[in-house]
Structures are given as C-alpha cells and as structure tokens.
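Residues per chain, in single letters:
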Amino acid sequence: AAASARHDTALWSRDLAFARQLRDERSNARYLAGVALPESLSIVSGDPAALAAGCDLLVIATPMAGLRPMLASLREAKVPVAWACKGLEAAGTEGLLGHEIQQAVAPSISGGVLTGPSFALEVARGQPTALVAASAHAAVRQALVQAFHTPQLRVYENEDLPGAEVGGAVKNVLAIATGLCDGLGLGLNARAALVTRGLAEMTRFGVALGGHAETFMGLSGLGDLVLTATGDLSRNRRVGLLLAQGQALKQALASLGHVAEGVPCARAVAARAARLGVEMPITEAVVALLDGRVRPDEAVRGLMSRDPVSEKSS
Ligand SMILES: NC(=O)C1=CN([C@@H]2O[C@H](COP(=O)(O)OP(=O)(O)OC[C@H]3O[C@@H](n4cnc5c(N)ncnc54)[C@H](O)[C@@H]3O)[C@@H](O)[C@H]2O)C=CC1
Ligand SMILES: O=C(CO)COP(=O)(O)O
C-alpha cells in the first residue's frame, strides 16, 4: 500500500479466498483495522513466479517461516528481491539469516532487506516512518528507495545486510524481555538497562556474523529496538507482558492471535550464538522462560545476579 500511490503495485496472497475478500472489502480488518486499501493497489493470487515476470521489484512480507519457500519460488527472478522478514530461521534448522537462506536457495538473485522501526499500522496510516534498505547490491537499495521513499516514509540505504538483519531479529527477542520487565513492574531503570545491555548483546552477535558495529546504532538496530521494546503495538513486547501475568507460552500466543517472531527466533539466536561462542545472557534468559525452565521473576533475577563484569568487555 505504501508504494501504490506512485507505482503500479500488486499485493500477492497465497490464499485465493483471502485475496478475493481483500478485493471485495478493500480493507484487512484483522491486521490493519480502520485502514482502507488504496484503490490503486491490485490484489492478486496464483503462481508467484509467473506473476513476478514483468515486475521491477519484488518484496516478500511473510513471517520468517515463509521466506525460504518464497525465495525458492522466485529463484529465477531477474529483478531485485527484498524481504521484510525479521528473524533467523527457526530452531531445528541452522538458524540462518535471510541473506543466507537466499544464498542457499536462490543464489542468482540480487536480494536485500527492508527493515527498521515501522509498526505496520502506523505506516499504513501514513504516519512518519524511517526505514533502511540494506543490500550489497546498489540496484536493490535504489529500487527500494525509488519504490517507497516519500515525505512520510524515508528510506536510508545501507550496504551492511547482515548487520541490518541481525538488528531486526534480535530486537524481537529483547522486546519479549522488556515486556516481561514492564509486566513485572520492575521500573524504568530496569527497562533502560535491558535495552542498553540488549544492544550490546545484539552488537556482539551481529559483528560475529559479519555485521558492522555502527549499523547497530542506526535505525535497524537501536531504532527498532527502542520502538519494539517500548511500543505497545509490538506483538513481541505483548508476549512478554502476558508471560509476566503468569500465562503459559501457549496461552500467551493464543491470546495474542498473531505471529511473534521473537519466540522461534530466541531459540535460534541462542543456538547460533552458542556455536559462535558469543555470550547472550538476555536471550538465554528469554529462552529459559519460553521453555518453561524458569518463572518470570526467576528469569529476571538470573540476569541481575550475574557476576560483575566491565561494561566495555561484555
Ligand atoms: N507487522 C509489523 O508491524 C512488521 C512486521 N515485520 C516483519 O515482517 C514479517 C511479516 O510480519 P507480518 O506481516 O506482521 O506477519 P503476518 O502474520 O501478518 O503474515 C503476513 C502474511 O504472510 C502470510 N504467510 C504466512 N506464512 C506464509 C508462507 N509460508 N508463504 C506465503 N505467505 C505466508 C500470512 O498468511 C499473512 O497474510 C515478520 O518477519 C515481521 O517481523 C517488519 C516490520 C513491521
Ligand atoms: O518489527 C516491528 C516494528 O518495527 C513489529 O514488531 P512486532 O513484530 O513485535 O509487532
């Protein structure tokens, strides 16, 4: 919808019946209540590879679990392909980032990520938002800027694709932690500590995966972390708030009724960090809580009772 005012734009859905419903109602009550889909946006379904022929830019906006099959179906694309997914492929897999999945299943495409602090509802309402188009390919970055950059939506280019992807993935895990902290009523000091130590944790992990340290101070790192850790529109933050009330994970996800990428991602990040030898105590505490190994108060106490360390060295 954000691109459709200035470009010929189609929204593809895998579900034919849902595509018909969107076409008839011109709105998406479950995800974007109160937002009218622009008349200029066409809604399509069917074979994505066939539909992609003739497009100048393809953007995949499924949860992380859908990225591999979508990239595989678009592997012959000759135009830039970007994804909006934030996460690592779930545990039980190698825990790959988006660009690593792309290298595995669609190595010949030019890919990148569109990321940054951007609650979908605010973007759809035209509220001011700044995003990052991250790719090693200038053509991908420029196609994203050309498609989405408007007075309401600024799109900054960044060449650091791994760094931008790690920021988007890890901030979801940290938002669960800050939701937990706020739900337990631990106070604003505790939340600021979690955000800051979380940023250090995200940066260590991201640098180990080839990201640049300065990327984590930008929109795709600190920016999205601040938004998601403090904004009640965040589904990941809401999971933390529900867990703090004593809900079991299954119950919390059922009451949320939406995808919370930080849940599968926390386990994937912890497993990959362990293989890399990167210490991620907040992520580990979130995983212990999600696995039901500790209670909410124990998860927080575990973090606060760690041995003293230097702020710079860890
Ligand atoms: N909602 C938000 O505010 C933002 C979400 N993101 C990220 O974008 C990604 C998508 O998030 P949402 O749109 O909120 O998720 P969602 O749960 O609304 O899913 C988007 C669409 O993908 C479809 N889908 C799910 N699995 C699929 C598959 N295997 N193949 C094809 N389609 C599939 C769903 O049916 C749905 O229509 C996530 O990784 C999220 O972290 C990024 C920025 C903002
Ligand atoms: O990524 C987002 C905002 O940038 C959306 O966050 P949630 O998935 O936690 O709702």
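Calculation criteria
- Residues numbered from 1 in each chain as written.
- Chains lettered and ligands numbered in written order.
- Predicted model: local features only at pLDDT ≥ 70, side-chain atom pairs only at ≥ 80, totals over all residues.
- Helix = DSSP H or I, 4+ residues; strand = E, 2+ residues; numbered from the N terminus.
- Expected span 1.5 Å × (residues − 1).
- Buried ≥ 20, exposed ≤ 12 C-beta atoms within 10 Å, placed from the backbone.
- Contact = placed C-beta atoms within 7 Å.
- Near = placed C-beta within 6 Å.
- Nonpolar A, V, L, I, M, F, W, Y, C, P; charged D, E, K, R; others polar.
- Domains from an automatic or database assignment.
- Axes fitted to C-alpha atoms, helices over the stretch in contact; angles between N-to-C directions.
- Parallel < 35°, antiparallel > 145°, perpendicular 65-115°, else oblique.
- Left-handed = near helix turned anticlockwise from the far one by under 90°.
- Pairing = 2+ DSSP bridges.

As for helix α12 (residues 262-276)
- The first and last C-alpha atoms of α12 sit 20 Å apart over 15 residues, in line with the 21 Å expected at 1.5 Å per residue.
- Burial analysis of α12 places 11 of its 15 residues in the buried class, which makes it a mostly covered element.
- If you check which residues of α12 are buried, you get Gly262, Val263, Pro264, Cys265, Ala266, Arg267, Ala268, Val269, Ala270, Arg272 and Ala273.
- Of the surrounding secondary structure, the elements contacted by the buried residues of α12 are α7 (161-183), α8 (188-208), α10 (235-244), α11 (249-256) and α13 (281-290).

A word on the site of ligand 2
- Looking at ligand 2, there are 13 residues lining it, with Ser118, Thr228, Ser234, Arg235 and Asn236 nearest.
- Sorting the residues of the shell around ligand 2 by element identifies α7, α9 (219-230) and α10 as the ones contributing at least two each.
- Among the elements that take part in the shell around ligand 2, α9 stands out by supplying three residues, more than any other.
- Tallied by class, residues from the shell around ligand 2 come to four nonpolar, five polar and four charged.

Points about the site of ligand 1
- Around ligand 1, the structure places 19 residues, and the nearest of them are Thr62, Gly66, Cys85, Lys86 and Ala120.
- In the shell around ligand 1, the residues fall into 12 nonpolar, four polar and three charged.

Some points on the domain arrangement of the protein chain
- Segmentation of the protein chain into domains returns domain 1 (9-161) and domain 2 (169-304).
- Between domain 1 and domain 2, the C-alpha centre-to-centre distance is 24 Å.
- A per-element tally of the side of domain 1 that touches domain 2 places strand β8 (residues 129-134) first, with four residues.
- Taken together, the residues of the side of domain 1 that touches domain 2 sort by class into 14 nonpolar, five polar and three charged.

A closer look at the packing of α7 against α13
- In the contact formed by α7 and α13, the axes pass within 10 Å of each other and the chain directions differ by 70°. Judged on the interaxial angle alone, α13 and α7 are roughly perpendicular. Crossing of α7 against α13: the hand is left-handed. Touching Val173, Leu174, Ile176 and Ala177 of α7 are Ile282, Thr283, Ala285 and Val286, all from α13.

Observations concerning the sheet that holds strand β9 (residues 153-158)
- Read from one edge of the open sheet, five strands run β5-β6-β7-β8-β9, paired in mixed fashion. The open sheet has two free edges, formed respectively by β5 (58-60) and β9, since each of these has just one partner strand. Across this sheet, the average inter-strand angle for adjacent strands is 25°, counted without regard to direction.
- Sheet topology note: the strand β6 (residues 81-83)/strand β7 (residues 111-115) ladder contains three bridges and is parallel. Counterpart to Ala82 in the pairing with β7 is Gly112.
- Against the sheet, helix α6 (residues 138-148) engages β6, β7, β8 and β9, with an angle of about 175° to β9.

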